[in-house]
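Below, each chain spelled out in residue letters.
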Amino acid sequence: MILLAPPLAGKSTQAGPVAGRLGVPHVSTGELLRAHTERDTGIGRAAAAHMARGELVPDDLVLALVADRLSEDEVAHGVVLDGVPRDLAQAEALDAHPRSRPDLVLLLDVPDAEVRRRASGRRRCPNGHVYHLTDRPPAVAGRCDVDREPLAHRDDDRPEAVERRLSEYRNRTGPVVDHYRRRGILRLIDARGTPDEVTARVLAALS
Ligand code: AP5
């Protein structure tokens with residue numbers, strides 16, 4: 001299945017409960033790309049400037065990363081995809097392979113004003129655990145609850161990059177929403193409210 005949403009709508013927050021309910025791994029293209037930029041690999045260097053500006057990374061690069069991950073035995077019985085597809089070319093590439101052709105797409109819906117609010121308060125540890133200064137604070141300020149690593153504000157959570165990400169979502173991911181709506185596999189989830197309220201709606205949509 002696929003979690004589709006505007007930036008900061010809560011995909012990574014909801015992916016854990018969804019993957020747990022379905023008993024399959026969670027694969028986030030944003031996290032795959034950040035792992036490369038943090039290790040300063042060739043892929044990371046090719047992606048970094050696009051990501052910092054809030055633009056989509058080129059399709060060939062993202063699709064190669066996804067194909068590589070989907071070739072692993074761990075995802076043989078299903079996967080929760082988060083952050084892909086971002087445009088029609090990616091949606092068509094996923095449809096072409098049995099391991100990535102979705103049976104269900106959940107669209108987490110939040111207004112732009114809430115996206116901007118979440119961006120200013122999000123903090124992330126280097127291993128991808130996500131917090132929010134007011135809505136989901138860590139137990140100890142500035143430190144991850146899971147691994148005690150320091151928390152940081154993502155470069156692409158700056159206001160200019162957030163506006164670019166919203167515009168990329170409207171222009172390039174909008175047609176993907178229509179693509180899945182036409183296939184009859186899209187479920188719209190109201191992603192406003194507390195994280196637990198949203199999780200309850202997401203799990204209800206799965207059952
Ligand atoms: P990616 O990391 O996928 O960014 P995104 O889609 O913009 O999503 P985010 O990770 O920002 O947010 P999220 O929806 O996971 O929200 P979260 O749970 O953290 O991609 C980053 C970049 O990589 C892209 O811009 C692009 O450059 C590139 N990229 C990635 N995939 C690509 C692809 N397929 N093709 C091309 N380029 C690609 O929650 C956000 C915050 O809100 C957190 O602080 C959280 O604690 C809080 N929060 C969550 N839920 C709630 C709630 N219900 N109430 C209050 N606060 C909440």
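Residues numbered from 1 in each chain as written. Predicted model: local features only at pLDDT ≥ 70, side-chain atom pairs only at ≥ 80, totals over all residues. Heavy atoms only, no water.

Peer 1: Go over the sheet that holds strand β2 (residues 26–28), please, and point to the residues and values.
Peer 2: The five strands are arranged β2-β3-β1-β4-β7 in an open sheet whose pairing can be described as parallel. The strands lining the two open edges of the sheet, one partner per strand, are β2 and β7 (186–190). The mean inter-strand angle of the sheet, taken between neighbouring strand axes irrespective of direction, is 25°. The strands that helix α2 (residues 29–39) touches are β2 and β3 (80–82); relative to β2, the one it contacts most, it runs at about 60°. (Pairing = 2+ DSSP bridges. Helix = DSSP H or I, 4+ residues; strand = E, 2+ residues; numbered from the N terminus. Axes fitted to C-alpha atoms, helices over the stretch in contact; angles between N-to-C directions. Contact = heavy atoms within 4.5 Å.)

Peer 1: An account of the site of the ligand is requested, with residue identities and associated values reported.
Peer 2: Close to the ligand lie 35 residues, the nearest being T13, T29, E55, R122 and R165. Measuring from an oxygen atom of the ligand, one finds a backbone N or O atom of L8 at 3.2 Å. Within the backbone of S12, one N or O atom sits 2.9 Å away from an oxygen atom of the ligand. In isolation the ligand has 1,000 Å² of accessible area, and contact with the protein removes 98% of it. For the shell around the ligand, the element with the most residues is α2, which contributes four residues. Taken together, the residues of the shell around the ligand sort by class into 14 nonpolar, 10 polar and 11 charged. (Near = heavy atom within 4 Å. Polar contact = N/O pair within 3.5 Å; in protein donor to acceptor, adjacent residues only side chain to side chain. Areas by Shrake-Rupley, 256 points an atom, 1.4 Å probe, with all protein chains shown as cover. Nonpolar A, V, L, I, M, F, W, Y, C, P; charged D, E, K, R; others polar.)

Peer 1: Now, about the side chain of D95: what can you tell me, with residues and values included?
Peer 2: Mapping D95 onto the fold places it in helix α5 (residues 88–95). Reaching out from D95, the side chain makes a polar contact with the side chain of H179 at a distance of 2.9 Å. Residues in contact with D95, not counting those within four places in the same chain, are R101, P102, H179, Y180 and R183.

Peer 1: If you had to explain the pattern of salt bridges to someone new, which residues and values would you point to?
Peer 2: Tallied over the full model, the rule gives 23 salt bridges. For the salt bridge of R117 with E114, the shortest nitrogen-to-oxygen distance reads 2.9 Å. A residue pair is termed a helical-turn pair when its members lie 3 or 4 positions apart in one helix, as R117 and E114 do in helix α6 (residues 112–121) at three residues. Judged by its relative accessible area of 34%, R117 is partly exposed. Its salt-bridge partner being R122, residue D157 comes within 2.8 Å of it at the nearest N-O pair. In this pair, D157 sits in the loop between β6 (130–132) and α7 (159–183) while R122 sits in strand β5 (residues 122–124), placing the two residues 35 residues apart along the sequence. Each of the two residues, D157 as well as R122, counts as buried. Among the charged side chains, a salt-bridge network with shared partners connects R122, R154, D156, D157 and R165. (Salt bridge = Lys/Arg side-chain N within 4 Å of Asp/Glu carboxyl O. Buried < 20%, exposed > 50% of the residue type's maximum accessible area, 1.4 Å probe, protein only.)

Peer 1: Break down the environment of R136 for me, citing the residues and quoting the values.
Peer 2: Of note, R136 is situated in the loop between β6 and α7. Given the relative accessible area of 38%, R136 is considered partly exposed. Between the C-alpha atom of R136 and that of Y169, which follows or precedes it by 33 residues, the distance is 25 Å. If we skip the residues at most four places from it in the chain, R136 touches T13, V130 and Y131.

Fair warning: the whole summary comes from geometry, so function is off the table for now.
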